[in-house]
Amino acid sequence: MKNITVIGSGTMGNGIAHVLAQYNFSVSLYDINEAALEKALLTIGKNLDRQIDKGKLPSSQKQSILGKIQTYTSLEESLKTADMVIEATTENEELKLNLFRQMDQACPAHCLLATNTSSISITKIASVTSRPGKVIGMHFMNPVPIMPLVEVISGYGTTKDTLSTVMSLAKNLGKSPVMVNDYPGFIANRILMPMINEAIYSLYEGVAGVEEIDQVMKMGMAHPMGPLQLADFIGLDVCLFILKVMQSGFGNPKYAPCPLLVNMVAAGSTGAKAGEGFYTYSPNSKELIVSPRFRRQ
């Protein structure tokens, strides 16, 4: 496996491309427009600079790593020589199904098709292809260059050879892969999202404020980030989507999203990327300030 195509150049896509290139794979990075690709390369460059500043990467390797990434706005061109594809687009089921139909048609017969989905059924995605045995979930954690975990999710038809290949790939990227079966939320989000939802319910019901909830989990449970700050970081729209997937998939009301979360997403307060969620975010500041609507009088 030498040539890997990454579909989507956003936060997850450029992080995956970064790590693949750092570990000497030839990367084809696809997105629908050139501006997104240019932004992705700038982001990768800045993240490489951070690694260099921290002494984790020799400065001499930066240009070599960037040189291993070729960008494309033509999906078909990006897939021609792919040994594997890692799809890292928006968490939208119909979008992913359409992409996998196209990828299945355009990729070489031997090519493995992986998705970075955090919740959508691998089995369902595989069902729209002619190669379900070669379809697998490869759920990286954000930020990809730093976080060691990769959930490797086998669909109903995923072969042992595909699983073995992807587990080996993750290890070759310096990651710690964990095998998971294909059920709603997998493991990371099946445990994480109910916790985040319960934290939002605690705020909604007036049990405690934003800072207090996060402080309890950081200081009492040794979490590096409180659940409300983490929800902002993930994106409240993404949290809502995953909870709905689990609620639908299990038919269990315990996964029903808190009404406050539903309202915040409807209002566009989706977290750090929107500038406001439970906290407010300004471009040049790392200071956490509770959103005005949640400040205690």
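Residues numbered from 1 in each chain as written. Predicted model: local features only at pLDDT ≥ 70, side-chain atom pairs only at ≥ 80, totals over all residues. Heavy atoms only, no water.

A.B. asks: Please clarify how the overall build of the protein chain should be interpreted in this entry.
C.D. replies: What the protein chain contains, in helices and strands, is 12 helices and 10 strands. Relative to the globule expectation of 19 Å for 297 residues, the C-alpha radius of gyration of the protein chain, 20 Å, shows essentially globular dimensions. Taking the principal axes of the C-alpha coordinates as reference, the protein chain spans close to 60 × 45 × 35 Å. Residue burial in the protein chain is summarised as follows: out of 297 residues, 48% are buried. If you take every contact in the protein chain between residues at least 6 apart in sequence, the share linking residues at least 24 apart comes to 64%. Accessible surface, the protein chain as shown: approximately 14500 Å² in total, 52% of it carbon and sulfur. (Helix = DSSP H or I, 4+ residues; strand = E, 2+ residues; numbered from the N terminus. Rg over C-alpha atoms; globule rule 2.2 N^0.38 Å. Buried < 20%, exposed > 50% of the residue type's maximum accessible area, 1.4 Å probe, protein only. Contact = heavy atoms within 4.5 Å. Areas by Shrake-Rupley, 256 points an atom, 1.4 Å probe, with all protein chains shown as cover.)

A.B. asks: Please explain the nonpolar core as it appears in this structure.
C.D. replies: What tends to happen in soluble globular proteins is that the nonpolar side chains get buried as a cluster. The biggest cluster of nonpolar side chains holds 36 residues, and the ones touching the most others in it are Ile 16, Leu 20, Met 84, Ile 86, Met 138 and Phe 140. No other element matches the 6 residues that helix 1 (residues 11–22) contributes to this core. Core analysis: the second largest hydrophobic core is formed by 27 residues, Ile 196, Ile 213, Cys 239 and Phe 278 among them. (Core = buried A, V, L, I, M, F, W, Y, C linked by side-chain atoms within 4.5 Å.)

A.B. asks: I would appreciate a short explanation of the packing of aromatic side chains in the present structure.
C.D. replies: For the structure shown, the criterion picks out 3 aromatic pairs. Pairing Tyr 201 with Tyr 204 gives two aromatic rings, centres 6.1 Å apart and planes at 70 degrees, and the pair type is edge-to-face. Of the two residues, Tyr 201 and Tyr 204 both sit in helix 8 (residues 188–204), 3 residues apart, roughly one turn of that helix. (Phe/Tyr/Trp six-rings, centres within 6.5 Å; stacked < 30°, edge-to-face > 60°.)

A.B. asks: What am I meant to see in a positive patch on the surface here?
C.D. replies: The grouping of Lys 46, Arg 50, Lys 54, Lys 56 and Lys 286 at the surface amounts to a positive patch. Locating Lys 54 in the fold gives a position in the loop between helix 2 (34–53) and helix 3 (62–67). Residue Lys 54 is classed as exposed on the basis of its relative accessible area of 60%. (Patch = residues over 30% accessible without salt bridge, like charges linked within 9 Å, V, L, I, M, F, W, Y side chains within 5 Å. Salt bridge = Lys/Arg side-chain N within 4 Å of Asp/Glu carboxyl O. Lys, Arg positive; Asp, Glu negative; His and termini not counted. Charge placed at Lys NZ, Arg CZ, Asp CG, Glu CD.)

A.B. asks: Help me understand the sheet that holds strand 1 (residues 3–7) in this model?
C.D. replies: Sheets are built from strands that pair by backbone hydrogen bonding, the pairs being arranged parallel or antiparallel. If you trace the 8 strands from one edge of the open sheet to the other, you get 3-2-1-4-5-6-7-8, paired in mixed fashion. The sheet is open, and its two borders are formed by strand 3 (69–72) and strand 8 (176–181), each paired with just one other strand. In this sheet, neighbouring strand axes are inclined to one another by 25 degrees on average, regardless of whether the strands run parallel or antiparallel. As paired elements, strand 1 and strand 2 (residues 26–30) share 5 bridges and run parallel to each other. (Pairing = 2+ DSSP bridges. Axes fitted to C-alpha atoms, helices over the stretch in contact; angles between N-to-C directions.)

A.B. asks: Whenever I open this one, the UniProt feature "site: Important for catalytic activity" (unreviewed entry) in the protein chain confuses me. Can you help?
C.D. replies: Following the UniProt record, the feature "site: Important for catalytic activity" (unreviewed entry) maps to His 139 here. Positionally, His 139 belongs in strand 6 (residues 135–140). Setting aside residues up to four positions removed in sequence, His 139 forms contacts with Thr 115, Asn 116, Thr 117, Ser 118, Leu 149, Val 150, Glu 151, Ile 153 and Asn 189. (UniProt positions renumbered as here; feature names shortened; annotations may be inferred.)

A.B. asks: Please explain the pattern of salt bridges as it appears in this structure.
C.D. replies: One side chain can pair with another of opposite charge once the charged atoms of both are near each other. Summed over the entire model, instances satisfying the criterion amount to 9 salt bridges. Two residues, Lys 96 and Glu 87, come together in a salt bridge whose shortest N-O distance is 2.5 Å. Across this residue pair, the class does not change: Lys 96 and Glu 87 are buried. Residue Lys 96 pairs with Glu 91 through a salt bridge whose shortest N-O separation is 3.8 Å. What emerges from the salt-bridge pattern is a single network uniting Glu 87, Glu 91 and Lys 96.

A.B. asks: Looking at this structure, how should I read the packing of helix 8 against helix 11 (residues 236–250)?
C.D. replies: A pair of packed helices is captured by two measures, namely the crossing angle of their axes and the spacing between those axes. Where helix 8 meets helix 11, the axes come as close as 10 Å, and the angle between the chain directions of the two elements is 115 degrees. One finds that helix 8 runs roughly perpendicular with respect to helix 11. Judged by the sense of rotation from one axis to the other, the crossing of helix 8 with helix 11 is left-handed. For the pair formed by helix 8 and helix 11, the contact residues are Asn 189, Arg 190, Met 193, Pro 194, Ile 196 and Asn 197 on the first element and Cys 239, Ile 242, Leu 243, Met 246 and Phe 250 on the second. Of the residues that constitute the contact of helix 8 with helix 11, the class distribution is 8 nonpolar, 2 polar and 1 charged. (Parallel < 35°, antiparallel > 145°, perpendicular 65-115°, else oblique. Left-handed = near helix turned anticlockwise from the far one by under 90°. Nonpolar A, V, L, I, M, F, W, Y, C, P; charged D, E, K, R; others polar.)

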